[in-house]
Amino acid sequence: MLEKIDLKKKATWSDTDERIKKLEVRIGELQRACKDLGIPIMVIFEGYEASGKGTMIGRMIRALDPRGFQVFPMEKETEEDKMHPYLWRFFTKSPAKGRIHIFDKSWYQGYFSDKLTPEEIRQYEKLFTDDGNLIVKFFLAITEKEQRKRLKALEKDKSTKWRVNKSDWNENKNYEEQVLRYDTLLIKTDTHEAPWTVVEAMDKKYATMKILTTLAKAMEEAVKAAEAKKADKNAKEQAAYIGADEETPAMEHEEFKNGVLAGIDLSKSLSDDEYRKKKKDLQKRLSILHNKMYLKRVPVVLAFEGWDAGGKGGAIKRITQAIDPRGYEVVPTASPNDIEKAHNYLWRFWQRFPKDGHMTIFDRTWYGRVMVERIEGFATEEEWRRAYAEINNMEAQLVKNGTVVLKFWLHIDKDEQAARFKSRQETPEKQWKITDEDWRNREKWDEYEKAVDEMIVKTSTKGAPWHVIEANDKRYARIKVLEIVVEALEKALG
């Protein structure tokens, strides 16, 4: 790819400045259109050292309303960044709907430090483009001679000398080798949804014209696609309204469903004496492991899902009783707020993942996408069906970072749930735990059971397994959760 690029190109138009002004006006109009349509935009600048990324970013943002964009210089990892999975610092900076985030260097640096593969990069970008994000990627190219000239000029100027380091000169020294490495990366990560634009950056005006023209075209196409999607959605809603009285055909092949939950033995139980004895031993071991986890800088994610009144809170409490409160956080997940809704559905969870040596316990999780959002219609079928792969990829990044990931489904039967609901209603200090929505959800038990079966089958992996907990007996459930956590930590910590 790169060896075919003609780096001698220059802006030879007599009206170059006028063309640039018109492009700036057009991009400003498109920025407002993207804001109105809720289109998030990520603009990526990569390229050779001293190729002018900072200059081109500065030139590009002249066209933009400063209230609607933010620039992120991403070359250096902070100490906080290093204590999280590599993609954490990028995902947490992904734009809300209608905003533009510009990255001066990006997740592509992870390829050169062996932290990301091209496939992982494609998966990461697909997550966003599938969710309606526009990703525009620029690679700025200059010749070896020009790079050396610019580095010398930067070094000579006292005000810019600090910007040149040993690695910059090493890149110039090994220019041909770097060209091959960049070329391989560009080819492997150039996709229809997120294509690369190689910018001949020897001439600044030519580079400015190409960047502004490419950005304007990409924004125009995104606006047209969003408007078409909006019109199609309105048409489908109208058609659905007209056909609302039509009978829905019965689902075929229902007898072939996975039936994971149907095979769970819910009669398992423990006596009070067994429970107290085991709890004391397991909590003591967990306390020691929590200290060891901190010293070895091993992060832990515990994800709890289950039926309403399934006992998630009680199981979580028996874990936190045993560990130092300075080393864990419990995250209760409710319906997303307006800020969270403006981002990709996984954004709010990336914000809360633990740094090295800490534990985060999620009381309900990202799996709401394939359960409540699926069943209640908050996510389209296309969105929740692709979520299985998106979630597996996210959890794989956590595991790759050394995170211990354990997922629990606390399973009870319908009669036990009804008994617990009734008990909550009749106990004043527990009445806050029961809502009308809990009762309404019971009416969709079969739908939820089918969704849970599919969720467990499609997202239980070696690195992030699901554990179905027999929870009709609370004592048995709490001990089983403690046993799984303790055994997993002992295995991970040695």
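Read on for an overview of the structure. What you see is a predicted model, and the numbers here were worked out from it, not measured in a lab.

1. Points about the overall build of the protein chain
And step 1. On a plain count of helices and strands, the protein chain comes out with 20 helices and 10 strands.
And step 2. Principal axes of the C-alpha set define a box for the protein chain whose edges measure 85 × 65 × 40 Å.
And step 3. Burial analysis of the protein chain (494 residues in total) assigns 49% to the buried set.
And step 4. Counted over contacts in the protein chain with a minimum sequence separation of 6, partners at least 24 positions apart contribute 81%.
And step 5. Only carbon and sulfur atoms are counted for the fraction: they give 50% of the accessible area of the protein chain, which is about 25,900 Å².

2. Structural notes on the sheet that holds strand E8 (residues 359–363)
And step 1. Taken together, 5 strands build an open sheet; the order of strands is E7-E8-E6-E9-E10 and the sheet is parallel. What marks the edges here is a single partner per strand, and that holds for strand E7 (328–332) and strand E10 (466–470). Each strand of the sheet is rotated relative to its neighbour by a mean of 20°, with strand direction disregarded.
And step 2. Relative to strand E9 (residues 404–411), strand E6 (residues 300–306) runs parallel, the two sharing 7 bridges. Counted as the bridge partner of glutamate 305 is tryptophan 409 from E9.

3. A closer look at the layout of surface pockets
If you roll a probe as big as a water molecule over the atoms, it shows you where there is empty space left.
And step 1. Taken as a whole, the second largest pocket spans an internal volume of roughly 720 Å³.
And step 2. Around the second largest pocket, the lining is made up of 26 residues, and of these Glu49, Ala50, Gly54, Glu75 and Arg163 lie nearest the centre.
And step 3. Sorting the residues of the lining of the second largest pocket by element identifies helix H2 (53–60), helix H7 (144–156) and helix H10 (204–242) as the ones contributing at least two each.

4. Some points on unusual backbone geometry
And step 1. Although it is not a glycine, lysine 105 adopts a positive phi angle of roughly 70°.
And step 2. Position of lysine 105 relative to the elements: it lies in the loop between strand E3 (100–104) and helix H5 (109–112).
And step 3. With a phi angle near 60°, arginine 297 is a residue other than glycine that sits in the positive phi range.
And step 4. You can see arginine 297 is positioned in the loop between helix H11 (272–295) and E6.
And step 5. For arginine 297, a relative accessible area of 38% translates into the label partly exposed.

5. Re a positive patch on the surface
And step 1. On the surface, a cluster of positive charge is contributed by Lys317, Lys430, Lys433 and Lys474.
And step 2. Checked against the element boundaries, lysine 317 lands in helix H12 (residues 312–320).

6. A few points about the packing of H11 against helix H20 (residues 474–493)
And step 1. Relative orientation of the contacting elements H11 and H20 amounts to 30°, with a least axis distance of 9 Å. Viewed along their axes, H11 and H20 adopt a mutual orientation that is roughly parallel. Relative to H20, the crossing made by H11 is left-handed. Listed contacts from H20 to Asp272, Tyr275, Lys278, Lys279, Leu282, Gln283, Arg285, Leu286, Leu289, Lys292 and Met293 of H11 are Arg475, Arg478, Ile479, Leu482, Glu483, Val485, Val486, Leu489, Glu490 and Leu493.
And step 2. Its residues placed into classes, the contact of H11 with H20 shows 11 nonpolar, 1 polar and 9 charged.

Scoring rules and cut-offs
- Residues numbered from 1 in each chain as written.
- Predicted model: local features only at pLDDT ≥ 70, side-chain atom pairs only at ≥ 80, totals over all residues.
- Heavy atoms only, no water.
- Helix = DSSP H or I, 4+ residues; strand = E, 2+ residues; numbered from the N terminus.
- Buried < 20%, exposed > 50% of the residue type's maximum accessible area, 1.4 Å probe, protein only.
- Contact = heavy atoms within 4.5 Å.
- Areas by Shrake-Rupley, 256 points an atom, 1.4 Å probe, with all protein chains shown as cover.
- Pairing = 2+ DSSP bridges.
- Axes fitted to C-alpha atoms, helices over the stretch in contact; angles between N-to-C directions.
- 1 Å grid on protein atoms, 1.4 Å probe; cavity = no way out; pocket = protein on both sides within 12 Å on 5 of 7 lines; lining within 4 Å.
- Points joined across faces, edges and corners; volume = space filled by probe spheres on them.
- Patch = residues over 30% accessible without salt bridge, like charges linked within 9 Å, V, L, I, M, F, W, Y side chains within 5 Å.
- Salt bridge = Lys/Arg side-chain N within 4 Å of Asp/Glu carboxyl O.
- Lys, Arg positive; Asp, Glu negative; His and termini not counted.
- Charge placed at Lys NZ, Arg CZ, Asp CG, Glu CD.
- Parallel < 35°, antiparallel > 145°, perpendicular 65-115°, else oblique.
- Left-handed = near helix turned anticlockwise from the far one by under 90°.
- Nonpolar A, V, L, I, M, F, W, Y, C, P; charged D, E, K, R; others polar.

Remember, this is a structural readout, not a statement about activity or role.
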